[in-house]
Amino acid sequence: MLEHLPSWLGHALRNVRAGPDALAVAQEGLGVAERMMLTSPAFADGARMPPRFTADGEGVSPPLVWGDPPPGTARLALLVEDADSPTPSPLVHAVVWDIAPVAGTLAEGAIAADGEGQAGRDVGRNSYYREGWLPPDPPGGHGEHRYAFQLFALGDGAGDPGGDPGRSALIAAMRGHVLAAGLLIGTYSRDEAAPIGPVGAAVAAG
C-alpha cells in the first residue's frame, strides 16, 4: 500500500512519522523491568535489513535469536512495528503470541499464518488484518524506516488477547505484566543510497 506512493509524495511526508514514542515497548503501564537479549544473524541492531525480508525481495520474516527470559516468565510475545510509518500509529508487521518461555529462535520465514508449520504459538494480525509477516514496503523518498522487533517476557498474570490477536489486544493483555523486553532495530528505505550493514556493525544509511 505505502510502496505505491509516488516518490515526490514520500519526500513531502518525510517529517510525518508515528515516532519511536508510539512503539509498544515505550508505552506506560506495561511494567518493563529488565532488558532481554534479542538479535538476528541476518542483520545487526540498527543496520539495514537485506531486501530478502522486504517487499522488494522474497518477503519472508527474518531469523531471530533471544536469550533466557527472567524467572517467572510464563510466555513470550513478539510485536514488530514500523516506527517511521507516515500514520498516527506504527504500522504492525507481525504479532506472535504464546512463545515458549525459554531462550530460543524463530527461523527465517517462521512468522507465517497459523497452520503453516506453527507449533505452540499463535500468529496474530498485522496492519493489513492478515496473519503472518507483513514485509516492509516504505514509501520511496520517505527516508529511512526503523522496524522495531520487540520481544516481551510475560508473567502469569498476563491476560488472554483472544484468537488471532492484533496490536491493541496484545498490548491490553500485556499491560502491567511485562517482566523484561528485548528490542532489535532493522532499517530499510527506498530510492536512497543505503548499503546493507554487515552483521555485528551497524552501517548508517547514506
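Provided above is the structure to which this section pertains.
Overview of the structure.

Before going further, it helps to examine the overall build of the chain. When helices and strands are counted, the chain shows two helices and ten strands. When its helices and strands are written in sequence order, the chain yields α-β-β-β-β-β-β-β-β-β-α-β. Across the 206 residues of the chain, 50% fall into the buried class. Accessible surface, the chain as shown: approximately 8,700 Å² in total, 53% of it carbon and sulfur.

We now examine the sheet that holds strand S2 (residues 38-39). With antiparallel pairing, the three strands of this open sheet are ordered in space as S2-S4-S7. Bordering the open sheet on either side are S2 and strand S7 (104-106), each of which pairs with just one other strand. Sheet analysis places strand S4 (residues 64-66) next to S7, joined by three bridges and oriented antiparallel. Bridge pairing in S7 links leucine 64 to leucine 106.

With that settled, the discussion passes to the pairing of strand S6 (residues 91-99). When you tally the buried positions in S6, you get eight out of nine residues, the bulk of the element. In this structure, strand S5 (residues 75-82) lies alongside S6, joined through six bridges in antiparallel fashion. Residue pairing in the sheet places aspartate 82 in a bridge with leucine 91 of S6. Pairing geometry for S6 and strand S8 (residues 122-123), over two bridges, is antiparallel.

Scoring rules and cut-offs
- Residues numbered from 1 in each chain as written.
- Predicted model: local features only at pLDDT ≥ 70, side-chain atom pairs only at ≥ 80, totals over all residues.
- Heavy atoms only, no water.
- Helix = DSSP H or I, 4+ residues; strand = E, 2+ residues; numbered from the N terminus.
- Buried < 20%, exposed > 50% of the residue type's maximum accessible area, 1.4 Å probe, protein only.
- Areas by Shrake-Rupley, 256 points an atom, 1.4 Å probe, with all protein chains shown as cover.
- Pairing = 2+ DSSP bridges.

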